[in-house]
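# Examining the three-dimensional arrangement
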Amino acid sequence: MIKDIVKLIRVKQWVKNAFVLAPLLFSLKFTETDSIIKAGLAFAAFCFVSSVVYVMNDILDRKKDALHPKKKNRPIASGRISPWAGGVIEVVLLALVFVCLLLLGNIKTALVIGIYVVINILYSYKLKQMVLIDVLIIAFGFILRVYAGAYAIDVPVSSFIFMATLFLSLFLGFTKRKGELMRRGSDGRAVLEQYPLKVIDQYIIISATLTIMCYALYTLEPSTIARFSTNRLIYSVIFVIYGMFRYVYILDKDESIEDPTDGLYKDKGLIGVCILYVLYVLAIFAEIL
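So, here is what we can say about the structure in this document. Note that the structure is a prediction, hence the values are computed from the model and not measured.

What counts and what doesn't
- Residues numbered from 1 in each chain as written.
- Predicted model: local features only at pLDDT ≥ 70, side-chain atom pairs only at ≥ 80, totals over all residues.
- Heavy atoms only, no water.
- Helix = DSSP H or I, 4+ residues; strand = E, 2+ residues; numbered from the N terminus.
- Rg over C-alpha atoms; globule rule 2.2 N^0.38 Å.
- Buried < 20%, exposed > 50% of the residue type's maximum accessible area, 1.4 Å probe, protein only.
- Lys, Arg positive; Asp, Glu negative; His and termini not counted.
- Charge placed at Lys NZ, Arg CZ, Asp CG, Glu CD.
- Salt bridge = Lys/Arg side-chain N within 4 Å of Asp/Glu carboxyl O.
- Axes fitted to C-alpha atoms, helices over the stretch in contact; angles between N-to-C directions.
- Parallel < 35°, antiparallel > 145°, perpendicular 65-115°, else oblique.
- Left-handed = near helix turned anticlockwise from the far one by under 90°.
- Contact = heavy atoms within 4.5 Å.
- Nonpolar A, V, L, I, M, F, W, Y, C, P; charged D, E, K, R; others polar.
- Phe/Tyr/Trp six-rings, centres within 6.5 Å; stacked < 30°, edge-to-face > 60°.
- Lys NZ or Arg CZ within 6 Å of the ring centre and 35° of its normal.

Looking now at the overall build of the protein chain. A count of helical and extended segments in the protein chain gives 15 helices and 0 strands. Computed over C-alpha atoms, the radius of gyration of the protein chain comes to 19 Å, within 12% of the 19 Å expected from 2.2 N^0.38 for 289 residues, which places it in the range of a compact globule. Overall, the protein chain is about 55 × 45 × 30 Å in size when its C-alpha atoms are taken along their principal axes. Counting across all 289 residues of the protein chain, residues that qualify as buried make up 48%. Within the protein chain, the 22 negative side-chain charges are centred at a point lying 3 Å from the centre of the 32 positive side-chain charges.

Laid out in structure tokens, this is it:
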């Protein structure tokens, strides 16, 4: 039962909420206990609320998922967890979100999470069937994560970080759509039928290029150089380029990967470059001290 609950709430997908912690890293507040606690509470709140969305989707799509060759093994679609029990789990998760937000005491972060819930309800009922809008909504979810983390520790979000997050999340969204089409075809989903692979490849190239450009411009911003007391953050672009190129590469090579989260967990190259990136930023910070 515990294993099914873990699978239902998609604990593996919580890695996406690392975007909430990005402001903590780039503001160099990760040595302040108060900021760490606040960022941690915002991260936990987003993990729980994202799980609420996953459970809601599984309950709504249970009949359709039961006919799917892969999704039929999901806890609710397979009948291992009843829709009623799923509803109880949702209530518990919402209670945990409320506790985290109460402890955090930040109305702006609470508002961002509220907006996230609303757009995901709209996504589940209608927007996920609208071509391009579906990916834009996913991208907006990542932007909300960044702002939730920034509001929690009271730091501004750079315009370039906003744009880099937008284009990176679009890159992840379009690569996911490509993976779904390559592995399973349209799978009866009307929205996938409207995504020609050639067009998706163009979207991936555009979003990857803009992500790299915006991140590079962020590292060269006067405020960024002043914060880090050096312009050496620009060299971290190498890790960003490798990570994005690596993911596109394994998407074409590994047939078991159709989701960015799967790629991160399964590929040592992606795990390694993420670790090296964080270590590089920490090394720059250490030299400041």
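Before going further, it helps to examine the pattern of salt bridges. Throughout the structure, instances matching the rule amount to 8 salt bridges. Lys128 serves as the salt-bridge partner of Asp61, at 2.9 Å between the closest nitrogen and oxygen. Here Asp61, found in the loop between helix 3 (33-60) and helix 4 (62-65), pairs with Lys128, found in the loop between helix 7 (107-125) and helix 8 (133-153); they are 67 residues apart in sequence, far enough to count as distant. We note that Asp61, like Lys128, is buried. For Asp267, the salt bridge goes to Arg246, with nearest N and O atoms at 2.8 Å. Pair noted here: Asp267 is in the loop between helix 14 (260-266) and helix 15 (268-288) and Arg246 is in helix 13 (residues 237-253), with a separation of 21 residues, a long-range link. Taken together, the shared-partner salt bridges connect Arg10, Asp58 and Arg74 into one network.

A separate point is the packing of helix 6 (residues 83-104) against helix 7. Relative orientation of the contacting elements helix 6 and helix 7 amounts to 155°, with a least axis distance of 9 Å. The orientation of helix 6 relative to helix 7 falls into the category roughly antiparallel. At the point where helix 6 passes helix 7, the crossing takes the right-handed sense. Contact residues: Val97, Leu101 and Leu104 in helix 6; Thr109, Ala110 and Ile113 in helix 7. Tallied by class, the residues present in the contact of helix 6 with helix 7 amount to 5 nonpolar, 1 polar and no charged.

Turning next to the packing of aromatic side chains. This structure, assessed with the given rule, holds 14 aromatic pairs. Grouping aromatic residues by their ring pairs yields a cluster made of Phe26, Tyr215, Tyr218 and Tyr277. The side chain of Arg145 reaches across the aromatic face of Phe142, ending 4.9 Å from its centre.

The subject of this paragraph is unusual backbone geometry. Positive phi, normally seen in glycine, also occurs at Arg10, with a value near 60°. One can find Arg10 in the loop between helix 1 (2-8) and helix 2 (22-26). Residue Arg10 is classed as buried on the basis of its relative accessible area of 16%. One non-glycine residue, Leu28, adopts positive backbone phi at about 60°.

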